[in-house]
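Here's the letter readout for the chains.
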Amino acid sequence: MNYAVISDVHGNLEALDAVLADISARAGQSGGRRAKILFLGDAVGYGPDPNACVAAIRKHAFQGVAGNHDWAVLGLTDVTFFNPNARAAIRWTDETLTPESRAALEALPLVKRLEKDSLFLVHGSPYEPEEWHYLLYFSEAQVNFEHFKEWICLIGHSHLPFVMERMPTGEITASKGQKAAALDRSCRYIINAGSVGQPRDGDPRACYLLLSDEEARFVRVPYDIRKTQEKMGAAGLPLPLIERLSRGL
Ligand code: ZN
């Protein structure tokens, strides 16, 4: 298999375009076909270009699932759990979204299974996906490994890239902050693809994941952060959301 996994785009078109260009450039370099794109949710929320991002994801993604911000703007999830800045961005996105974009978001399922490659796609967690739990710790991973049967579960939501490996003995190990992890057929995995449009691991560059049968590799792509920030300012989006893009936090 040859996949490029993107998540948490959050209406950041400059970041998404940079990532799509990087994916295409890799195909050109290797003389091969472009990796198929999987999308793990949150096309909108926070950023200034929700419609363009939804259109690009719809055009390029082979398969995808919905995120909590997508559901929030569709009125399918309770936004009282969102912080005030996120809620303000959802309100702005709701006013900005076209009927076409809305229909495209509505078409995204909550979970997706790709049987041939034994992949399970979900935004938050395989356990109660509609509750948008965060999956960050071993204790949470332990529970979640029981809630999918595939080789690899791909998630987003926390915007923190990592690879968790469950060995045949049941022991779980994690690699965070590493560029790549080798994949073993006798183990199972939960992999967070990081965030294209609002990274939170201290690296402001857009993040995505390349996935083959042998390895999971994180790719960081610089983009024109200032341009996105200027658009956010012009749209009147909350200042803390604008500032955090420079810090990647
Ligand atoms: Zn998100």
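Remember, predicted model here, so these are calculated numbers, not experimental data.

Caption draft 1: Representation of the environment of S101 within the structure. By the element assignment, S101 lies in helix α5 (residues 99–106). For S101, a relative accessible area of 5% gives the class buried. For the pair S101 and A55, spaced 46 residues apart in the sequence, the C-alpha separation amounts to 7.0 Å. Discounting residues that sit within four places of it in the chain, S101 has contacts with N51 and V54.

Caption draft 2: Here's a closer look at the sheet that holds strand β1 (residues 2–6). Across the sheet, which stays open at both edges, the six strands sit in the order β3-β2-β1-β11-β12-β9 with mixed pairing between neighbours. On the outer flanks of this sheet lie β3 (61–64) and β9 (180–182), each paired with one strand and no other. Across the sheet, the mean angle separating the axes of adjacent strands is 25° when strand polarity is ignored. Here three bridges tie strand β2 (residues 36–39) to β3, and the two strands are oriented parallel to one another. Residue L38 lies in a different strand from β3, and its bridge partner there is Q63. Against the sheet, helix α2 (residues 50–60) contacts β1, β2 and β3, and its axis sits at roughly 105° relative to β3.

Caption draft 3: How the structure looks around the sheet that holds strand β6 (residues 152–155). Pairing is mixed in the open sheet, where six strands are placed in the order β4-β5-β6-β10-β7-β8. Both edges of this open sheet fall to β4 (111–114) and β8 (172–176), since each of them pairs with a single strand only. Neighbour-to-neighbour, the strand axes of the sheet open up by a mean angle of 15°, direction not taken into account. Bridging between strand β7 (residues 162–166) and strand β10 (residues 188–192) involves five bridges; their strand directions are antiparallel. Paired with M164 across the strands is I190, a residue of β10. Across the sheet, helix α6 (residues 138–145) touches β7, β8 and β10, and the angle it forms with β8 is around 120°.

Caption draft 4: Representation of helix α4 (residues 84–96) in the model. End to end, α4 covers 18 Å across 13 residues, agreeing with the expected 18 Å (1.5 Å per residue, within 8%). Residues of α4 that are buried: A86, A89, I90, W92 and T93. Seen from one end, α4 has its buried residues packed into an arc of 165°, which puts them on one side. Turned more than 90 degrees off the buried face of α4, the exposed positions are P84, R91 and E95. Taken together, the buried residues of α4 touch α2, α3 (68–73), α7 (225–235) and α8 (239–247). The N-cap of α4, judged by a side-chain oxygen 3.1 Å from the amide nitrogen of N85 a few residues on, is N83.

Caption draft 5: The packing of aromatic side chains, seen in detail. In this structure the tally under the stated criterion is five aromatic pairs. Centroid distance F120 to F148: 6.0 Å. Interplanar angle 25°. Geometry classified as stacked. In this pair, F120 is assigned in strand β5 (residues 119–122) and F148 in the loop between α6 and β6, connecting sequence segments 28 residues apart. On the basis of relative accessible area, F120 is assigned to the buried category, the value being 2%. For the ring pair W151 and Y189, a centre distance of 6.2 Å and an interplane angle of 85° mean the geometry is edge-to-face. In this pair, W151 is assigned in the loop between α6 and β6 and Y189 in strand β10, connecting sequence segments 38 residues apart. One exposure class covers both W151 and Y189, and it is buried. Lying over the aromatic face of W151, R185 brings its terminal NZ or CZ to 3.6 Å of the ring centre.

Criteria and thresholds
- Residues numbered from 1 in each chain as written.
- Predicted model: local features only at pLDDT ≥ 70, side-chain atom pairs only at ≥ 80, totals over all residues.
- Heavy atoms only, no water.
- Helix = DSSP H or I, 4+ residues; strand = E, 2+ residues; numbered from the N terminus.
- Buried < 20%, exposed > 50% of the residue type's maximum accessible area, 1.4 Å probe, protein only.
- Contact = heavy atoms within 4.5 Å.
- Pairing = 2+ DSSP bridges.
- Axes fitted to C-alpha atoms, helices over the stretch in contact; angles between N-to-C directions.
- Expected span 1.5 Å × (residues − 1).
- Arc of directions from axis to C-beta.
- Polar contact = N/O pair within 3.5 Å; in protein donor to acceptor, adjacent residues only side chain to side chain.
- Phe/Tyr/Trp six-rings, centres within 6.5 Å; stacked < 30°, edge-to-face > 60°.
- Lys NZ or Arg CZ within 6 Å of the ring centre and 35° of its normal.

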